[in-house]
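Here's the letter readout for the chains.
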Amino acid sequence: MEITELTSAERRVVDTYPRGAAVDFRTGDAAEDDPEAGAGWGPERTVRAAVLRKVLLAGAREDGEIPALRIVGARITGELDIRYAVAECAVLLAGCHFEGVPHLYGAEVRQLNLSESVLPGLDASTLRVHGALRLTDCRIPGQVRLGGSRVEQAVFLDGTRIGVHADGSTAPAGGAALEMNHITAGDDLWMPGLVVHGETRLAGAVVTGQIVLNDARLVNPGGTALHAETLSVGTDLHAMRLRARGLVNLRGARVPGQLNLAYASFAHPGGTALRASSAVIGEFWLREAARVEGRVNLRRARIDLIHADPGVWPDEVQLEGLTFSTLLPHLPALRRLPLLERDQDGYVPYVYEQLTASYRQVGDDDAARTVQLAKERRHRATLPAYGRVWGRLQDVTVGYGFRPARAAAWLASLLLIGSVVFGVHHPAALKADEAPDFNPLFYTADLLLPIVDFGQEKAFDPQGWHQWLSYALIVTGWLLATTIAAGITRSVSRS
């Protein structure tokens, strides 16, 4: 293309490029400068994509100056195609209206800023940016492809709308609306207020800093809203007030700091709404989040701290292999136990042990015993009939060893009954001249306690129904002793 073929608007771009000065085509009228109305902008602010391509690849240089392509408020016609090109300058195309999809696949630039622009889509997979990548407040009804890109500083998508037209309508994307699989960001991934209609993909992404998704809306009903398997974050992932419609998949993600989902809402009725199986997370916050609509899968996840009210969990959860240390807020065990009973895998003993350990860690031994008792009761339902009967007996008598006062109450009650009955009707002595004075209390204790011998039982012989009472006390004593021993053994082994 010859210089003589340039329009006045294009001439301004070509002439200012060597010095890195900005070309601002805006009029100062906010309504008129809105890029959504850019299709009606006249030739005075229209630049062909082919001209921009030539400037980036073969623009003039001036000694002592740093070139840069900096344009604000232009209508860019045609398709900007710099695939595999190396542009050794910063690129600013802000507040612009693109008629065609920019093709930046495999390109390399020092910095790229398309903030506040309207684009039909963006093809920038494997893009390399030596500085920051800014797509702040962009409106992109089509697909955005950034998979495999390498950005040495931060990536900005704050306030950007993807997959939705200006009139609010959406169209099937035929793939992910926002594709950032295996992207590498040397700093933060900054996306507060992001709106995506369609699937967002972050699988295998590596973010050195933090990810911020506060106030974002990820909408893909019936499908996957966020696919972020094996995502690796250097510090935190903040998604406060996130609204996700569809599956949020964080399987195998690594978030060493805080995964903050406070005040968020997740909905995928009939499917899994939140999946973080095999994830490694420092702090998992669901503080004051809405009740999840759909399943939650935390299988094999390792989490140091979970902050969630019991009301946030749905009717179906998957917790097998979940490891955690601390639960906040600190609540009675009876508030936490119903969640464990809703596990789709049925009886999962490991998670009971984790809950017990978390209570012991904060010194709440009574809550820990309550959890262990609930575990034994849940396990009893999985046993054959004879095991259930034996388990019921241990539960009623000593609470599986976690309610020792219950055994004492049984013994005291039986001791009282026997003492009263035998105090009223003394049994006859076997050898009157050798028998000790009869003592109903110690006689009953002799019957009840297998390893205690006060010399009363062998010296007296009850008759009639009193004899049957003595047999009942002996059998009951043995049963109590056996169940107490079994319960204490179990309790000690858990301590």
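A few points on the structure. In this text the structure is predicted, and so the values were computed from the model without any measurement.

What counts and what doesn't
- Residues numbered from 1 in each chain as written.
- Predicted model: local features only at pLDDT ≥ 70, side-chain atom pairs only at ≥ 80, totals over all residues.
- Heavy atoms only, no water.
- Helix = DSSP H or I, 4+ residues; strand = E, 2+ residues; numbered from the N terminus.
- Rg over C-alpha atoms; globule rule 2.2 N^0.38 Å.
- Buried < 20%, exposed > 50% of the residue type's maximum accessible area, 1.4 Å probe, protein only.
- Contact = heavy atoms within 4.5 Å.
- Areas by Shrake-Rupley, 256 points an atom, 1.4 Å probe, with all protein chains shown as cover.
- Arc of directions from axis to C-beta.
- Salt bridge = Lys/Arg side-chain N within 4 Å of Asp/Glu carboxyl O.
- Core = buried A, V, L, I, M, F, W, Y, C linked by side-chain atoms within 4.5 Å.
- Axes fitted to C-alpha atoms, helices over the stretch in contact; angles between N-to-C directions.
- Parallel < 35°, antiparallel > 145°, perpendicular 65-115°, else oblique.
- Nonpolar A, V, L, I, M, F, W, Y, C, P; charged D, E, K, R; others polar.
- Pairing = 2+ DSSP bridges.
- Left-handed = near helix turned anticlockwise from the far one by under 90°.
- Patch = residues over 30% accessible without salt bridge, like charges linked within 9 Å, V, L, I, M, F, W, Y side chains within 5 Å.

A closer look at the overall build of the protein
- When its secondary structure is counted, the protein shows 10 helices and 35 strands.
- What you see for the protein is a C-alpha radius of gyration of 37 Å, clearly larger than the 23 Å of a compact globule of 495 residues, by over 25%.
- For the protein, the proportion of its 495 residues judged to be buried stands at 51%.
- A separation of at least 24 residues holds for 46% of the contacts in the protein among residues at least 6 apart in sequence.
- Carbon together with sulfur atoms contributes 54% to the accessible area of the protein, which is approximately 22000 Å² in total.

Looking at unusual backbone geometry
- Going from Leu328 to Pro329, the amide bond is cis rather than trans, its omega being -10°.
- Among the secondary structure elements, Pro329 is positioned in the loop between β33 (323-328) and α4 (333-341).
- The phi dihedral of Glu116 is positive, around 65°, even though this residue is not glycine.
- Located in the positive-phi region is Thr230, a residue other than glycine, with phi close to 55°.

Topic: helix α3 (residues 49-58)
- Those residues of α3 not exposed but buried are Ala49, Val51, Leu52, Val55 and Leu56. Along the long axis of α3, the arc covered by the buried residues comes to 160°, so they all point the same way.
- Contacts made by the buried residues of α3 are with α1 (8-16), β2 (46-48), β3 (68-72), β4 (75-77) and β5 (86-94).

Quick notes on the pattern of salt bridges
- One pass over the structure, following the stated rule, counts 21 salt bridges.
- Two residues, Asp215 and Arg241, come together in a salt bridge whose shortest N-O distance is 2.6 Å. You can see Asp215 sitting in the loop between β22 (211-212) and β23 (217-227) and its partner Arg241 sitting in the loop between β25 (237-238) and β26 (243-249), a full 26 residues away along the chain.
- Here Arg299 makes a salt bridge to Asp345, at a shortest N to O gap of 2.8 Å. A residue pair is termed long-range when its members are at least 10 positions apart, and Arg299 in the loop between β30 (293-297) and β31 (302-307) and Asp345 in the loop between α4 and α5 (349-361) qualify at 46 residues.
- Look at the salt bridges and you will find they share partners, linking Asp34, Glu36 and Arg139 into a network.

Focus: the nonpolar core
- Membership of the largest hydrophobic core comes to 114 residues, with the highest contact counts inside it found for Leu69, Leu93, Leu194, Phe266, Phe284 and Trp313.
- With 12 residues, the next largest nonpolar core counts Phe438, Tyr443, Leu448 and Leu473 among its residues.

A closer look at the packing of α5 against helix α6 (residues 365-380)
- The geometry of α5 relative to α6 is characterised by a closest axis approach of 7 Å and an angle of 170° between their N-to-C directions. It follows that α5 is roughly antiparallel to α6 by the angle criterion. Between α5 and α6, the contacting residues are Pro349, Tyr352, Glu353, Leu355, Thr356, Tyr359 and Arg360 on the first element and Asp365, Ala367, Ala368, Val371, Gln372, Ala374, Lys375 and Arg378 on the second.
- Classifying every residue of the contact of α5 with α6 by side-chain character gives eight nonpolar, two polar and five charged.

Concerning the environment of Leu6
- Counting through the fold element by element, Leu6 comes out in the segment before α1.
- As a C-alpha pair, Leu6 and Val47 span 41 residues in sequence and 9.1 Å in three-dimensional space.

Topic: the sheet that holds strand β6 (residues 97-98)
- Across the sheet, three strands lie side by side as β2-β4-β6; this open sheet has parallel pairing. At either end of the open sheet lies a strand with only one pairing partner, and these are β2 and β6.
- Inspection of the sheet shows β4 paired to β6 by two bridges, in the parallel sense. Bridge pairing in β6 places Arg75 opposite His97.
- The strands touched by α3 are β2 and β4; relative to β2, the strand with the most contacts, the crossing angle is about 60°.

Considering the packing of α4 against α6
- For the pair α4 and α6, the least separation of the axes is 10 Å and the interaxial angle reads 30°. One way to sum up the angle between α4 and α6 is to call them roughly parallel. Read as a crossing pair, α4 and α6 show a hand that is right-handed. Touching Ala333, Leu334, Leu337, Leu340 and Glu341 of α4 are Ala367, Thr370, Val371, Ala374 and Arg378, all from α6.

Examining a nonpolar patch on the surface
- There is a patch of nonpolar side chains on the surface, built from Trp390, Val475 and Leu479 and spanning about 260 Å² of accessible area.
- Summarising the element assignment, Val475 is placed in helix α10 (residues 465-494).
- Using a relative accessible area of 49% as the deciding quantity, one classes Val475 as partly exposed.

What to know about the environment of Gly464
- Position of Gly464 relative to the elements: it lies in the loop between β35 (460-461) and α10.
- The sequence separation of Gly464 and Ser8 amounts to 456 residues, and the corresponding C-alpha distance is 122 Å.

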